[in-house]
Amino acid sequence: MHTPDPIEPLGVNVIRGLAMDAVQNASSGHPGTPMALAPLAHVLFTRVLRYDASAPDWFDRDRFILSAGHASMLLYAMLFLTGDALSLDDLRQFRQWGSRTPGHPERGHLPGVEVTTGPLAQGFANGVGMAVAERSLRERFGAEACDHHIFAICSDGDLQEGLSHEAASLAGHLGLSRLVYVYDDNHISIDGPTELSFTEDSRRRFEAYGWHVLDIGEAAEDLDAIEQALRDAKAEDARPSLIILRSHIGYPSPRWQDTPEAHGAPLGADEVARTKEILGLPSEETFWVPEEVRAFYREAG
């Protein structure tokens, strides 16, 4: 396990601040999921993923797929913090015409984006294809040539699409053990509670497909519990893994946490300021990244 660094909670909150500011600045976007999953992204990019931010095309890197592509600011924040793929000005241009930070990640548009995501379940299925390729290459040329994992963050929208059912079935059948997916179980869709249209038991569904399922419950703020689940999933050598994480969209916004409004609209200037105060961030500054936080992430990258 990772030895905690006292700067980590501040780093997580800086990620949240960047997500809030970018969406507010653009007057468009999805702030709630990046805010909720900042701890998960932090753990992935500082404790678990094998990658080199200075060589984003390194062949044997772990792959990270944001299948929940609407949460693009989560990925953009990490690419900015861990390396030189993006600048603060790029984040300020989020969702603007011709910018390097479009509303959904686009493969080939920016180093560090593995898959174009936005159409629901597209990233989910692409990850299964990557795991097939990894298995094939490792079997043919050996682990010294190819030996990596594919990680993805998936939303309820991904799991509702028929494409994810087919891809999950294939992954379980083939025993693609290098596949580690995290299901962001936040109970909220853009129209209201997910129970309006989605009440199936996702754990039992994926177990029936032959997946290794870890339900870690209310652990979205627990960095060590998230790391342990990811490492347990990596250690599984016979099945793909699904980690079910109960998060709270828009956390810790006093007004919009756990509401559909946090899904697809700016929080509002006053609410951003209130939320920053709760997080211990300067409410009067935008795109605030202290040098020690940037240095911490760049070392990880």
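Residues numbered from 1 in each chain as written. Predicted model: local features only at pLDDT ≥ 70, side-chain atom pairs only at ≥ 80, totals over all residues. Heavy atoms only, no water.

S.K.: Which residues make up the environment of Val 48, and what values go with them?
M.R.: Its place among the elements puts Val 48 in helix H2 (residues 32–48). Here Val 48 falls in the buried class, since its relative accessible area comes to 4%. Spatially, the C-alpha atom of Val 48 lies 31 Å from that of Ile 190, the residues being 142 residues apart in sequence. Among residues more than four places away in sequence, those in contact with Val 48 are Val 43, Asp 62, Phe 151, Glu 227, Leu 230, Arg 231 and Lys 234. (Helix = DSSP H or I, 4+ residues; strand = E, 2+ residues; numbered from the N terminus. Buried < 20%, exposed > 50% of the residue type's maximum accessible area, 1.4 Å probe, protein only. Contact = heavy atoms within 4.5 Å.)

S.K.: Describe the layout of surface pockets, with residues and values.
M.R.: Empty space within the largest pocket amounts to approximately 390 Å³. Pro 56, Leu 79, Pro 111, Gly 112 and Glu 114 are, among the 25 residues lining the largest pocket, the residues nearest its centre. Here the element with the most residues in the lining of the largest pocket is helix H3 (residues 72–82); it accounts for 3 residues. When its volume is computed, the second largest pocket comes out at roughly 230 Å³. His 70, Leu 120, Ser 155, Gly 157 and His 263 are the residues nearest the centre of the second largest pocket, which is lined by 17 residues in total. Contributing elements (two or more residues each) for the lining of the second largest pocket: helix H6 (156–160) and strand E4 (188–189). Within the lining of the second largest pocket, the residues separate by chemical class into 4 nonpolar, 10 polar and 3 charged. (1 Å grid on protein atoms, 1.4 Å probe; cavity = no way out; pocket = protein on both sides within 12 Å on 5 of 7 lines; lining within 4 Å. Points joined across faces, edges and corners; volume = space filled by probe spheres on them. Nonpolar A, V, L, I, M, F, W, Y, C, P; charged D, E, K, R; others polar.)

S.K.: Mind laying out the pairing of strand E1 (residues 63–66), listing which residues take part and the relevant values?
M.R.: Burial along E1 is two-sided: Arg 63 and Ile 65 and Phe 64 and Leu 66, pointing in opposite directions, are all buried. The pairing of E1 with strand E2 (residues 150–154) spans 4 bridges and is classified as parallel. Paired with Phe 64 across the two strands is Phe 151, which belongs to E2. (Pairing = 2+ DSSP bridges.)

S.K.: Talk me through empty space enclosed by the protein; I want residue IDs and the actual numbers.
M.R.: A complete count under the given rule lists 3 cavities of 30 Å³ or more for this structure. Approximately 40 Å³ is the volume attributed to the largest cavity. Considering the residues around the largest cavity, the lining is formed by Val 14, Gly 17, Leu 18, Asp 21, Lys 276, Leu 281, Pro 282, Glu 285 and Trp 288. Looking at the lining of the largest cavity element by element, the count peaks at 4 residues for helix H1 (residues 8–26). Estimated volume of the second largest cavity: approximately 40 Å³. Taken together, Phe 64, Ile 65, Leu 66, Leu 75, Pro 105, Val 113, Glu 114, Val 115 and Thr 117 form the lining of the second largest cavity. If one sorts the elements of the lining of the second largest cavity by residue count, E1 sits on top with 3 residues.

These results come straight from atomic positions and should not be treated as a statement about function.
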